[in-house]
Amino acid sequence: MEIIYERPESLKDVRTHYCAGCGHGVVHRILAEIVDELGIREKTVVIAPVGCAVLAYDYFNFDVCEAPHGRTPAVATGMKRVRPSNVIISYQGDGDLAAIGMAEIIHAANRGERITVVFVNNGLYGMTGGQMAPTTLIGQRTATTPMGRDFRECGQPIKVCELLSQFEGVVYAARCAITGPGNIIKGKKMLKKALSIQLADLGFSIVEFLSACPTHWKLTPREAVQYIEEKMVPCFPTGVIKDTIK
Amino acid sequence: MTEKRLMSGNEAMAEAAIRAGCRCYFGYPITPQNEVTAYMARRMPEAGGVFIQSESELAAINMVLGASAAGCRSMTSSSSPGISLKQEGISYIAAMELPAVIANIMRGGPGLGNIAPSQSDYFQAVKGGGHGDYRQIVLGPSTVQELVDLTVCSFDLADEYRMPVVILGDGLLGQMMEPVSMPGMRHVEIKEEEWVLSGCRGRAPRLLRSLILDPGDLAAHNLHLQEKYRRVAAREVRFESVFTDDAELIVVAYGTPARVCRAAVAACREKGIRAGLIRPITLWPFPREEISRLASQASHILVVEMSHGQMVEDVLLSAEFRVPVSFFGKAGGLTFHIDEVIRKMEKTNQKSKIKNQKAKSKKQKHKSKP
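For chain B, the helix and strand inventory stands at twelve helices and 15 strands. For 370 residues, the compact-globule estimate of 2.2 N^0.38 gives 21 Å, and the C-alpha radius of gyration of chain B, at 22 Å, lies within 12% of that figure. Counting all 370 residues of chain B, 52% fall into the buried class. Of all intrachain contacts in chain B linking residues separated by at least 6 positions in sequence, the fraction that spans at least 24 positions is 79%.

Following this line, the structure appears as structure tokens:
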């Protein structure tokens, strides 16, 4: 019998703590598959953020380092500079990357650090109870925007990939939606390219995943996928935003 | 040892770090320690190491965290306001048990304060600074040569105990030039120890973390850290004693004020005052036992600091109130003149003599009662 689907070696055989319908599980799976396919498990180090994915070290079957909230790209920088032959992945959520860690991500990108950023954007702070993030949509209700986000009070959602694309050090920036198999396969291709860019020592690469948080969106997993397609994608267009080595 | 060179404290410290095998330096501009960053920018690439001018103090300390997790001797330096910003990272480094060297060339505070010398960050350095129950080894050099020697030592201590080590100097020490002899260049490999993150080739994956959700597990981790700190406290106390054998008046001072105090003690000896000096070299662990021992021998202790009374609290705890402890301090960037220290010592000595005489006559009165 031919095996056509199995657990990647880079993913431990354990249950995750993620909620039903959460995008982290899918992103973990994609990342683990690519790490296996590229044969880089033994030289990969993931820097885990503060947020829901802090426990990623329980799931990935390679080295993991924690970082203070938002400082993941700085920790990744220190690590990559010491061991340039390692593959360093900065795994971050939207609060971690675009709020408290905005300075670190912008400067790591501008320096063209040879790291890859996996950016999981679900439009709010999941772990702390669903507060507004820099990526919360206008009108979206969260624990701290009970009447919906008002741009006059809270500004507009920050488009991270478009923002970082301005820097020459950024070689590749792409966004995909974790909705159906088609989009997930597209996202996997993007992330594989991003990691290949690091392996070729070309510069900074980032892939943003629009990811569901049914728990704090107060939707069923099915409704949450629909929400991504109908509400998030119009604000955060999917596709390759920057690719200097086409 | 090579021949002596005239160097500023800041540049000497940077060169000493490189000679001790430091191959990663991350820094952000702040006076009065900018010479460290500028020196490292030029010298680190020559030595085959990494220099990054970081976007912030937060980034600098976290780059140290990453570089140290990858096994490299790593350092950052700053001055007071910048050190405040690094506290978050230092707490994580302590929790994750990573070696790191952090130099604080202290300036006047609080707030932006000024760029003149100060010792007002003593509490922040020796009592923790960041959140959580952790310690860092704190070294207080008083000459440029000692700054060089302790810089080398700081990397060894950081590696041995896998914890942050702080070099606590003041702006005066960073800026002044003195002749120094540099140690030879040490070749230190990137570490491949059992905790270093290098990719899991031929071994199980490793994890460096500070999040320990289970209260029992975090309690155990805290006990493990405390056990390590007790080991450090038992083994690493360093201090210098000057004329303390028969001293009645003990002066306690560290860093550059200790140099003024040393001269003042010598001058007081000539005047017939039996004075001595204790100069803590490790501020944590503090030379508690030695000060406790001297508290039973001396009749008065005088603490001299460029702050409004920080180390004096550790002296009080060490002396256990068995002997009067006086304080002479100033902050804001003012330094001590030898004459004012001598005057303060004479006054303190006079006070303690009068007190002793009163106590004696009281005793005699008791004795003379039938």
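A tally of regular secondary structure across chain A gives nine helices and nine strands. Projecting the C-alpha coordinates of chain A onto the three principal axes gives extents of approximately 50 × 50 × 35 Å. Counted over contacts in chain A with a minimum sequence separation of 6, partners at least 24 positions apart contribute 67%.

What follows deals with the packing of helix H3 (residues 57-69) of chain B against helix H4 (residues 80-95) of chain B. All names here are of chain B. Their axes nearest at 8 Å, the elements H3 and H4 cross at an angle of 30 degrees. As summarised for this structure, H3 and H4 are arranged roughly parallel, according to the angle between their axes. In this structure, H3 meets H4 at a crossing whose hand is right-handed. Contacts between H3 and H4 involve Glu-57, Leu-58, Ile-61, Asn-62 and Leu-65 on the former and, on the latter, Gly-82, Leu-85, Lys-86, Glu-88, Gly-89, Ile-90, Tyr-92 and Ile-93. Taken together, the residues that form the contact of H3 with H4 break down as seven nonpolar, three polar and three charged.

Another aspect to go through is the domain arrangement of chain B. Residue and element names in this part refer to chain B. By domain assignment, chain B separates into domain 1 (5-200 + 207-235) and domain 2 (240-368). A straight line from the C-alpha centre of domain 1 to that of domain 2 covers 31 Å. In this assembly, 25 residues from domain 1 lie in contact with 21 residues from domain 2. Tallied by class, the residues present in the side of domain 1 that touches domain 2 amount to 14 nonpolar, nine polar and two charged.

Residues and elements named next belong to chain B. Interhelical geometry of helix H1 (residues 9-19) versus helix H2 (residues 34-46) gives an angle of 40 degrees and a closest axis separation of 8 Å. It follows that H1 is oblique to H2 by the angle criterion. In the packing of H1 onto H2, the handedness of the crossing is right-handed. Contacts between H1 and H2 involve Asn-10, Glu-11, Met-13, Ala-14, Glu-15 and Ile-18 on the former and, on the latter, Glu-35, Val-36, Tyr-39, Met-40, Arg-43 and Met-44. Grouping the amino acids of the contact of H1 with H2 by side-chain chemistry returns seven nonpolar, one polar and four charged.

Attention now moves to the environment of B:Ala233. All names here are of chain B. Its location among the elements puts Ala-233 in helix H8 (residues 215-235). The class for Ala-233 is partly exposed, based on 16 C-beta atoms found within 10 Å. In the structure, Ala-233 is positioned 105 residues away from Ile-338 in sequence and 33 Å away in space, judged by C-alpha atoms.

Looking at chain B as a whole, the pLDDT averages 96, with 98% of positions reaching at least 70. Reported confidence for the predicted complex is 0.97 by ipTM and 0.96 by pTM.

What follows is about the environment of A:Ile115. Residue and element names in this part refer to chain A. Looking at where Ile-115 falls in the secondary structure, it is placed in the loop between helix H4 (102-110) and strand S4 (116-121). In the structure, Ile-115 is positioned 87 residues away from Leu-202 in sequence and 9.7 Å away in space, judged by C-alpha atoms. Contact partners of Ile-115, with chain neighbours within four places excluded, come to Pro-73, Ala-76, Lys-80, Ile-88, Ser-90, Ala-108, Gln-198 and Phe-204.

Each α-helix winds once per 3.6 residues, and so residues spaced three or four apart point in a common direction. Those residues of H4(A) that fall on the buried side of the exposure criterion are A:Glu104, A:Ile105, A:His107, A:Ala108 and A:Ala109. In this structure, the buried residues of H4(A) make contact with helix H2 (72-82), helix H3 (94-100), helix H6 (160-164), strand S7 (170-177) and strand S8 (204-210) of chain A together with H3 of chain B. Phi turns positive one or two residues past the end of H4(A), at A:Gly112, with a value near 65 degrees.

Time to look at the interface of chain A and chain B. In many reports, interface size means the accessible area that the parts give up when they come together. The partner chain B presents 32 residues to the 28 residues of chain A that form the contact. Those elements that place two or more of their residues in the side of chain A that touches chain B are strand S1 (44-48), strand S2 (63-66), H2 and H4 of chain A. Sort the elements by how many residues they give to the side of chain A that touches chain B and H2(A) lands first, with eight residues. Looking at the side of chain A that touches chain B residue by residue, the class counts come to 14 nonpolar, six polar and eight charged. Here S2(A) pairs with strand S9 (residues 207-208) of chain B via two bridges, running parallel.

It is worth spelling out the sheet that holds strand S2 (residues 24-27) of chain B at this point. All names here are of chain B. Strand order in the open sheet formed by seven strands is S3-S2-S4-S5-S7-S6-S13, and the pairing between neighbours is mixed. Because the sheet does not close on itself, it has two edges, and the strands there are strand S3 (50-53) and strand S13 (282-284). Geometrically, the sheet is characterised by an average inter-axis angle of 20 degrees between neighbouring strands, direction not taken into account. When strand S5 (residues 100-106) meets strand S7 (residues 164-170), the two strands line up parallel, connected through seven bridges. Bridge pairing in S7 links Met-106 to Asp-170.

Another aspect to go through is the sheet that holds S7(A). Ordered by their spatial adjacency, eight strands build an open sheet running S9(A)-S7(A)-S8(A)-S4(A)-S3(A)-S1(A)-S2(A)-S9(B), and the pairing between neighbours is mixed. On the outer flanks of this sheet lie strand S9 (239-243) of chain A together with S9 of chain B, each paired with one strand and no other. Where S4(A) lies against S8(A), six bridges are found, and the strand directions are parallel. The residue of S8(A) that forms the bridge with A:Val120 is A:Phe209.

We now examine unusual backbone geometry. Residue and element names in this part refer to chain B. In this structure, Pro-110 follows Gly-109 across a cis peptide bond, with omega equal to -5 degrees. Structurally, Pro-110 can be placed in the loop between S5 and helix H5 (122-126). Here the bond from Trp-284 into Pro-285 is cis, since omega is -5 degrees, no more than 30 degrees from zero. Unlike most non-glycine residues, Glu-320 shows phi in positive territory, near 50 degrees. Structurally, Glu-320 can be placed in the loop between helix H11 (311-319) and strand S15 (325-329).

It is worth spelling out the environment of B:Leu98 at this point. Residues and elements named next belong to chain B. Relative to the elements of secondary structure, Leu-98 occurs in the loop between H4 and S5. Taking C-alpha positions, Leu-98 is 10 Å from Val-165, a pair spaced 67 residues apart along the chain. The residues contacting Leu-98, other than those within four sequence positions of it, are Leu-65, Ser-68, Ala-69, Ile-93 and Arg-162.

Definitions and cut-offs
Residues numbered from 1 in each chain as written. Chains lettered and ligands numbered in written order. Predicted model: local features only at pLDDT ≥ 70, side-chain atom pairs only at ≥ 80, totals over all residues. Helix = DSSP H or I, 4+ residues; strand = E, 2+ residues; numbered from the N terminus. Rg over C-alpha atoms; globule rule 2.2 N^0.38 Å. Buried ≥ 20, exposed ≤ 12 C-beta atoms within 10 Å, placed from the backbone. Contact = placed C-beta atoms within 7 Å. Axes fitted to C-alpha atoms, helices over the stretch in contact; angles between N-to-C directions. Parallel < 35°, antiparallel > 145°, perpendicular 65-115°, else oblique. Left-handed = near helix turned anticlockwise from the far one by under 90°. Nonpolar A, V, L, I, M, F, W, Y, C, P; charged D, E, K, R; others polar. Domains from an automatic or database assignment. pLDDT = per-residue confidence, 0-100. Pairing = 2+ DSSP bridges.

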